[in-house]
Amino acid sequence: MDGSLSLELKFKEDFEKLITSLYNLKSAIKENNPERISNYLNQFTLFLKSYFEKEEKFMEELKYPDLEHHKREHDLFKKKIEYLFKKLEKKETILNKEIVEVLENLLIEHVIHFDKPLNLYLKSRIDSLTEFLSREAFLETLQDFITKEKLTKDITLILFELEDFPLIFFSLGPQITNLLLKDFSTYLRNRFDTPNILFGKNKEIQFLIALLGFSFLEVLEFLENLTEKIKAYSFKFENKKISLNISIGVTLYPQDGKDAYSLLKNAEIALQMAKKEGKFKWVFFESKFLKYFEKLNKFRNILERAIREHLVIPYIQPIFDVHTGSVVGGEVLIRILDDRGKIMSACTFIKYAYELKYIDELEALLGEKITEPNFFGLFKNKLLFINKVVTSYDKVRFLLEELKVWKTITENYDISCIFEITESSILEFLDLFEMLSTENKTEKVGIAIDDFGSGYASFTSLIKVNPKFLKIDGNLVRQILKSKKCYTIVKGIVSIAKELNIKTVAEFVENKRIAEALREIGVDLFQGFYLSKPIAVEEFKKLIS
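Bear in mind the structure is a predicted one, so any value in this text is a computation, not a measurement.

*Asks:* Describe the side chain of Glu131, and please don't skip the residues or the numbers.
*Replies:* Checked against the element boundaries, Glu131 lands in the loop between α5 (97–125) and α6 (135–149). Polar side-chain contacts of Glu131 include one of 2.9 Å to the side chain of Lys182.

In structure tokens, the structure reads:
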């Protein structure tokens, strides 16, 4: 359905034609030119008819509840014009400037009393930015179709979300971002302009599409076409070309929902699963997803409570010197308390914290706990490893500010602070991490590349970021005795690290045989359950005393 930003804009050109024709009519009357008077009077009549017809057609499409009342007002207006014409024909009145002004006033009065309420209704039905149906209007229209058609036609609901949109918003600003959304919506409408496709807007960066009467194979073809079209789209601004990425959730009527609202609810679940799959992936809803999302909601409540009530606890996994077996430091890990006051292990909640995007808030609360003087005393002349999840440019910039704070802390308390950043994050924001490395002039604050060798391995990061430590990926360490390839990769990483004067830490050291193999290769530090599981602060204090 073709919506509009507002009724004034939708019929602006038609209304201006009406007003212009009346203005020209007044000029012709002033000139006392009968031929021009007749022409402009006929022109006004034709424009008025066209204006009313377009407005009525639009109201029918919109299912405007006051349509009949509005149409009666149109009829009354036309009767007034016809009455005037008859009076003119019978020469019972003379067309003059005052009568034309009466016509102008009638027209303006109609706009104020009848078009204004229609415009307000329109704004509730049409998203002002994209000109697609609003969420409620889309669902009502879809429900009407479901009720009318029952099981005689296939109905598919598609929900897709623009990925990485916050980054685009911060890069372009709100005004240009709005232009992008408007341009993108027009692009979609122009490429899928058919009566059996319905477009709507769900949330800020989510779009709705209903396919009416499409077979399953046709739905698949449409999804292929949709993704290809969006891959081809780009928004040009200054010297930039902005491309978009999407994830898609799909539901089918009636198996995935008996009404429009349940179809959307399950499409939202399918969308969340699609986002886990990666960009430009679509997922059809399956009932098994419901159990997963029940669990997700359970952990949402647990995590929100932990954040709200500050139930974040630091745990420490000790790090050992390979040769002496002494504790040289530890990695600080997040733990939270459950509703019974018991410690929850990371494997229980951490993946949900990432998925629900609560990890930054948990990190911030952990930061408050570990920046207390008593905590620093545990790490005097030792290495304090702190995990940092980096998912945006802003997070890297924040890390730059944290470096300055930790520089003062390390000097005052004689500790060394190492920020652990995953290799994938460093590669994604390599230029900023290079700047971070350049600005860091202190020896007591540094970076460890976490999960090194996990599949991204780029030795460019070693040159540009200048890390103090490499934490070898745990999956490689676990397989070192079973796979010659893994053994060779670990040996290669250690060899290169030594050449570059970078210390290596082997994570997931689970038994004596793995420890001996790593010692022979030349790894510098050990971390793993063979030596110590993550422990409470008090236990760590006993361990090092």
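*Asks:* Help me get a handle on the nonpolar core, residues and values and all.
*Replies:* In this structure, Leu303, Ile336, Leu362, Trp406, Phe419, Phe433 and Leu518 are the most contacted members of the largest nonpolar core, which totals 86 residues. Looking at this core element by element, the count peaks at 8 residues for helix α11 (residues 289–308). When neighbours within four sequence positions are excluded, Leu303 is seen to be in contact with Ile336, Phe349, Tyr352, Ala353, Leu356, Tyr358 and Leu362. Counting residues in hydrophobic clusters, the runner-up holds 36 residues, among them Phe184, Phe199, Leu211 and Ile246.

*Asks:* Which residues make up the side chain of Asp338, and what are the values?
*Replies:* Within the secondary structure layout, Asp338 lies in the loop between β9 (327–337) and β10 (343–344). Residue Asp338 is classed as buried on the basis of its relative accessible area, which comes to 13%. A polar contact of 2.8 Å, which involves the side chain of Asp338, links it to the backbone nitrogen of Lys342.

*Asks:* Outline the packing of helix α8 (residues 174–191) against helix α9 (residues 216–232), supporting the account with residue identities and numerical values.
*Replies:* With their axes 11 Å apart at the nearest point, α8 and α9 run at an angle of 140 degrees to one another. The angle between α8 and α9 falls in the class oblique. Between α8 and α9 lies a crossing of right-handed hand. Side by side, α8 and α9 meet where Phe184, Tyr187, Leu188 and Arg191 of the first sit next to Leu226, Lys229, Ile230 and Ala232 of the second. For the contact of α8 with α9, a count of residues per class yields 6 nonpolar, no polar and 2 charged.

*Asks:* Give a detailed account of the sheet that holds strand β6 (residues 245–253), specifying residues and quantitative values.
*Replies:* The mixed open sheet is built from 5 strands, whose spatial order is β2-β3-β1-β6-β7. Strands with a single pairing partner mark the edges of an open sheet, and in this sheet they are β2 (197–201) and β7 (282–284). For this sheet, the mean inter-axis angle between neighbouring strands, taken without regard to orientation, is 20 degrees. Two strands pair when backbone bridges link them, and β6 and β7 are joined in this way by 3 bridges, in the parallel orientation. Opposite Ile248, over in β7, you have Trp282 as the bridge partner. Docked against the sheet, α8 engages β1 (155–163), β2 and β3 (206–212), running at close to 150 degrees with respect to β1. Contacting β1, β3, β6 and β7, helix α10 (residues 260–277) runs over the sheet at an angle of about 140 degrees to β6.

Cut-offs and rules
- Residues numbered from 1 in each chain as written.
- Predicted model: local features only at pLDDT ≥ 70, side-chain atom pairs only at ≥ 80, totals over all residues.
- Heavy atoms only, no water.
- Helix = DSSP H or I, 4+ residues; strand = E, 2+ residues; numbered from the N terminus.
- Polar contact = N/O pair within 3.5 Å; in protein donor to acceptor, adjacent residues only side chain to side chain.
- Core = buried A, V, L, I, M, F, W, Y, C linked by side-chain atoms within 4.5 Å.
- Buried < 20%, exposed > 50% of the residue type's maximum accessible area, 1.4 Å probe, protein only.
- Contact = heavy atoms within 4.5 Å.
- Axes fitted to C-alpha atoms, helices over the stretch in contact; angles between N-to-C directions.
- Parallel < 35°, antiparallel > 145°, perpendicular 65-115°, else oblique.
- Left-handed = near helix turned anticlockwise from the far one by under 90°.
- Nonpolar A, V, L, I, M, F, W, Y, C, P; charged D, E, K, R; others polar.
- Pairing = 2+ DSSP bridges.

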